[in-house]
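Examination of the molecular architecture
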Amino acid sequence: MQPEQEPVTKAASHDAQWHSLYHIPKMDCPSEERLIRLALQDLDGIVQLEFDLAQRQLAILHQGDATMITKKLQCLGLGAQLSVSRAASLADRQSFTADPAAERRTLYWLLAINAMMFVLEFAVGIVAQSMALLADSLDMFADAAVYLLALFAVGKGLQLQLRAAKVAGWLQAILALGVLAEVVRRALYGSEPQSTLMLGMASLALVANVSCLVLLAKHRQGGVHMKASWIFSANDVLINFGVILGALLVAWTGSAYPDLLVGAVIGAIVLLGAKRILALRR
């Protein structure tokens, strides 16, 4: 089925604002959202983007026809298809409700919280001999990298942004592989995770991630980055509960294996996130 697209004159297509809706089957995490933003940022006429990761949809308010936008999106290999493109009505324009300045302030707070928690949780993880805490700290690092790249995007060239993303992805991958290797080493030679420190630190990390959700609450239905960031932080809360469960099982069983298992699972999640970042291309 061909996408619905209203006929327009050449003059009207360049002067009016248009509302185009894309279905993107492989867009399901912040990495794809970031990739799409990088691909479209150099196009003239883009007014605003609205991402819906749950529905795999991208709405674009723009000037001119959607031909170049469609070509850019299809080159990303995410299966993008134009569903509809029409002259933007008042309701269409009002549906783009993002406040860029407010979103930027929120991103600064999210970056600060995640960066601080990465350093603190990594340090406590070493003292507590906990692979779950060390792996969760890398998840905090991954979040901080996403928010830093979102802020770094403003006013920078595409290639510079892509290089920065690659550096963050490689660092994230190296750290994740290091955690997984350490999980294997400790499984073979033993470890003594401290359940009390684990539980205290994991609870503090949970508070930090819930705080991120509170900051994101008013942005979750609109604005570039923000829906993705909401999903990211909600997933982090689930990971925190996993670390808390691991700490309780360590205390109950006296075994290090619950800590190692949780650490391995989180390490694998972080490694998959790094793989997505390293797959970014123009």
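See the structure shown above.
Notes on the structure in this doc start here. Remember, it's a predicted structure, so these values are computed and weren't measured experimentally.

Looking at the pairing of strand β4 (residues 57-63)
With respect to burial, β4 is a largely interior element, five of its seven residues being buried. Bridge count between strand β2 (residues 17-23) and β4: seven bridges; the pairing is antiparallel. By the bridge assignment, Q17 is partnered in β4 with Q63. Summarising the sheet, strand β3 (residues 46-52) and β4 pair through six bridges and their orientation is antiparallel. Looking at β4, one finds that E50 is bridged to A59. From the end of β3 to the start of β4, which pair antiparallel, there are four residues, and R56 there has a positive phi angle of about 60°.

A short note on the pattern of salt bridges
Scanning the entire structure with this criterion turns up two salt bridges. Among the ionic pairs, R185 bridges to E182, the shortest N-O distance being 2.8 Å. Of the two residues, R185 and E182 both sit in helix α7 (residues 158-189), three residues apart, roughly one turn of that helix. Each of the salt bridges in this network shares a partner with another, and the network as a whole consists of E182, R185 and R186.

Here we look at helix α3 (residues 67-74)
Buried within α3 are the following residues: I69, T70 and L73. Along α3, the residues classed as buried sweep out an arc of 100° about the axis, all on the same side.

Quick word on the side chain of D136
Along the chain, the position of D136 falls in helix α6 (residues 131-152). Not counting the four nearest positions on each side in its chain, D136 is found in contact with E121, A205, I239, N240, V243 and I266.

Regarding helix α8 (residues 195-216)
The first and last C-alpha atoms of α8 sit 31 Å apart over 22 residues, in line with the 32 Å expected at 1.5 Å per residue. Buried within α8 we find M198, M201, A202, A205, L206, A208, N209, C212, L213 and L216. Along the long axis of α8, the arc covered by the buried residues comes to 165°, so they all point the same way. Those residues of α8 that are exposed and angled more than 90 degrees off the buried face are T196, V207 and V214.

Comments concerning the environment of A176
Relative to the helices and strands, A176 is located in helix α7. On a C-alpha basis, the gap between A176 and G267 in space is 5.3 Å, while along the polypeptide they are 91 residues apart.

Some words on the packing of aromatic side chains
Tallied over the full model, the rule gives two aromatic pairs. Taken together, a centroid distance of 6.0 Å and an interplanar angle of 50° make the contact between F118 and F122 tilted. Pair noted here: F118 and F122 are both in helix α5 (residues 100-128), with a separation of four residues, about one helical turn. A network of ring pairs unites the aromatic residues F118, F122 and F141 as a single cluster.

Points about the side chain of S137
The residue S137 is located in helix α6 in this model. Within polar-contact distance, the side chain of S137 engages the backbone oxygen of L134 at 2.6 Å. With residues up to four places along the chain from it excluded, the contact list for S137 reads F118, E121 and F122.

Observations concerning a nonpolar patch on the surface
A cluster of nonpolar side chains, L120, L204 and V207, forms an exposed patch at the surface whose accessible area comes to about 240 Å². Within the fold, L120 resides in helix α5. With a relative accessible area of 35%, L120 lands in the partly exposed category.

Here's the deal with unusual backbone geometry
As a rule of thumb, non-glycine residues mostly have phi less than zero, and peptide bonds are mostly trans rather than cis. Of note, R56 is a non-glycine position whose phi angle comes to about 60°, a positive value. Of note in this structure, Q129 is not a glycine but carries a positive phi near 55°. Here Q129 lies in the loop between α5 and α6.

Some points on the nonpolar core
Note on soluble globular proteins: their nonpolar side chains tend to be buried together. Judged by nonpolar contacts, the single largest core of 38 residues is most densely connected at M117, L133, V243 and I266. Elements with a minimum of two residues in this core: α5, α6, α7, α8, α9 (226-253) and α10 (257-278). Residue contacts for L133: discarding those within four places in its chain leaves E121, V124, G125, A128, L197, M198, M201, A202 and V243. Counting 20 residues, the second-largest nonpolar core is a separate cluster that includes M27, L35, A39 and L78.

About the criteria used
Residues numbered from 1 in each chain as written. Predicted model: local features only at pLDDT ≥ 70, side-chain atom pairs only at ≥ 80, totals over all residues. Heavy atoms only, no water. Buried < 20%, exposed > 50% of the residue type's maximum accessible area, 1.4 Å probe, protein only. Helix = DSSP H or I, 4+ residues; strand = E, 2+ residues; numbered from the N terminus. Pairing = 2+ DSSP bridges. Salt bridge = Lys/Arg side-chain N within 4 Å of Asp/Glu carboxyl O. Arc of directions from axis to C-beta. Contact = heavy atoms within 4.5 Å. Expected span 1.5 Å × (residues − 1). Phe/Tyr/Trp six-rings, centres within 6.5 Å; stacked < 30°, edge-to-face > 60°. Polar contact = N/O pair within 3.5 Å; in protein donor to acceptor, adjacent residues only side chain to side chain. Patch = residues over 30% accessible without salt bridge, like charges linked within 9 Å, V, L, I, M, F, W, Y side chains within 5 Å. Areas by Shrake-Rupley, 256 points an atom, 1.4 Å probe, with all protein chains shown as cover. Core = buried A, V, L, I, M, F, W, Y, C linked by side-chain atoms within 4.5 Å.

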